[in-house]
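# Per-entry structural report
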Amino acid sequence: MDQSSFSTKQSILFSHKFAQITKALWKSIEKDWQQWIKPYNLNINEHQILWIAYHMEGASISDIAKFGVMHVSTAFNFSKKLEERELLTFSKKTNDKRNTYVELTPEGDKLLLATIEAYNPDTYSVYNGALPIKELYGKFPDFSELTTILRHIYGEDFMEIFEKSLFTFNEEFTEENGTLTPVKPSE
């Protein structure tokens with residue numbers, strides 16, 4: 001669509017509104033996330049790397065950077081810290097010497113699963129803020145407009161990884177009486 005059909009004023013208002021909304025949401029999410037993983041001596045980047053490595057099973061540092069929406073050096077440096085804690089291992093593939101790949105160690109797998117088991121929905125402001133929508137419509141927001149925006153910003157690969165991680169999580173975990181347990185056996 002021709003961008004000249006939209007005004008600069010509309011663009012600024014949209015961008016400012018979107019920035020303020022996402023910044024406020026992120027601030028709430030960040031605070032809650034940090035509280036969740038604090039007992040495990042993890043920061044958000046490290047937890048996200050463990051999560052991505054778990055779901056991608058052999059993710060490259062580039063994959064982690066792309067899907068984790070972080071710089072490659074950030075992905076590498078935090079992965080290195082996780083390797084030092086013996087939560088991740090680094091490897092190269094025989095047919096791909098350029099990329100570095102990471103995999104969870106059994107200890108990394110256990111730690112990630114422990115964080116998932118410790119998750120308490122009542123401590124999440126955004127989740128609690130969305131409950132009235134669920135009560136009114138019978139479901140949580142599906143974010144279709146937001147995912148369309150992200151698809152145009154980050155591309156189809158990003159969305160495929162995102163959707164795969166949601167599908168994988170749904171398939172690999174079962175819930176009984178509010179407790180999540182992995183369907184796949186952890187080492």
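Residues take numbers from 1 onward in each chain, read along the sequence in its written order. Under the rules for a predicted model, residues below a pLDDT of 70 receive no local features and side-chain atom pairs below 80 are neither given nor counted, while totals for whole chains, interfaces and linings still include all residues. Each side-chain value is derived from all of the structure's non-hydrogen atoms; neither hydrogens nor water enter the calculation.

### Describing the nonpolar core
Under the convention used in this document: Each nonpolar core is a collection of buried residues, namely Ala, Val, Leu, Ile, Met, Phe, Trp, Tyr and Cys, held together in the definition by side-chain atoms within 4.5 Å. The buried label applies to any residue whose accessible area, calculated with a 1.4 Å probe on protein chains only, is under 20% of its type's maximum; exposed applies above 50%, and partly exposed to all values in between. Labels follow the DSSP assignment, with helices taken as runs of H or I lasting at least four residues and strands as runs of E lasting at least two, numbered in each case from the N terminus. By definition in these notes, contact holds between two residues if any of their heavy atoms fall within 4.5 Å.
In this structure, Leu-42, Ile-49, Leu-50, Ile-64, Leu-82, Leu-88 and Leu-104 are the most contacted members of the largest nonpolar core, which totals 34 residues. Put simply, the parts of the chain that give this core at least two residues each are α1 (8–37), α2 (44–56), α3 (61–67), α4 (72–84), β3 (96–104), α5 (106–118) and α8 (156–172). At six residues, the largest contribution of residues to this core is made by α2. Among all residues touching Leu-104, those that are not within four sequence positions of it are Leu-50, Ala-53, Tyr-54, Leu-87, Leu-88, Asp-109 and Leu-112.

### Things to note about the packing of α2 against α4
Quick note on the threshold: Angles here are taken between N-to-C directions and fall from 0 to 180 degrees, while the axes themselves are lines fitted to C-alpha atoms, restricted in helices to the stretch in contact. An angle below 35 degrees is read as roughly parallel, one above 145 as roughly antiparallel, one from 65 to 115 as roughly perpendicular, and any other as oblique. Gly is put with the polar residues, along with every residue not named as nonpolar or charged; the nonpolar set is Ala, Val, Leu, Ile, Met, Phe, Trp, Tyr, Cys and Pro, and the charged set is Asp, Glu, Lys and Arg.
Orientation of α2 relative to α4, taken along the N-to-C sense of each, is 85°, at an axis distance of 9 Å. With respect to α4, the element α2 is oriented roughly perpendicular. Each of Asn-45, Glu-46, Ile-49 and Leu-50 in α2 lies in contact with α4, whose residues at this interface are Thr-74, Ala-75, Phe-78, Ser-79, Lys-81 and Leu-82. Taken together, the residues that form the contact of α2 with α4 break down as five nonpolar, three polar and two charged.

### Things to note about unusual backbone geometry
For Asn-41, which is not glycine, the phi torsion reads 55° and is therefore positive. Look at Glu-57: it is not a glycine, yet its phi comes out positive at around 45°. Tracing the sequence through the fold places Glu-57 in the loop between α2 and β1 (59–60). Since its relative accessible area comes to 53%, Glu-57 is described here as exposed.

### A word on the pattern of salt bridges
Defined as follows: Here, a salt bridge means any side-chain nitrogen of Lys or Arg that lies within 4 Å of a carboxyl oxygen of Asp or Glu.
The final tally for this structure, using the stated rule, is seven salt bridges. Its salt-bridge partner being Asp-157, residue Lys-66 comes within 3.6 Å of it at the nearest N-O pair. Of this pair, Lys-66 sits in helix α3 while Asp-157 sits in helix α8, placing them 91 residues apart in sequence. Look at Asp-157 and you get partly exposed, because its relative accessible area is 46%. Residue Arg-151 is joined to Glu-163 by a salt bridge in which the shortest nitrogen-to-oxygen separation is 3.2 Å. Placement of Arg-151 in helix α7 (residues 144–154) and of Glu-163 in helix α8 is noted, with a sequence separation of 12 residues between them. Residue Glu-163 is classed as partly exposed on the basis of its relative accessible area of 40%.

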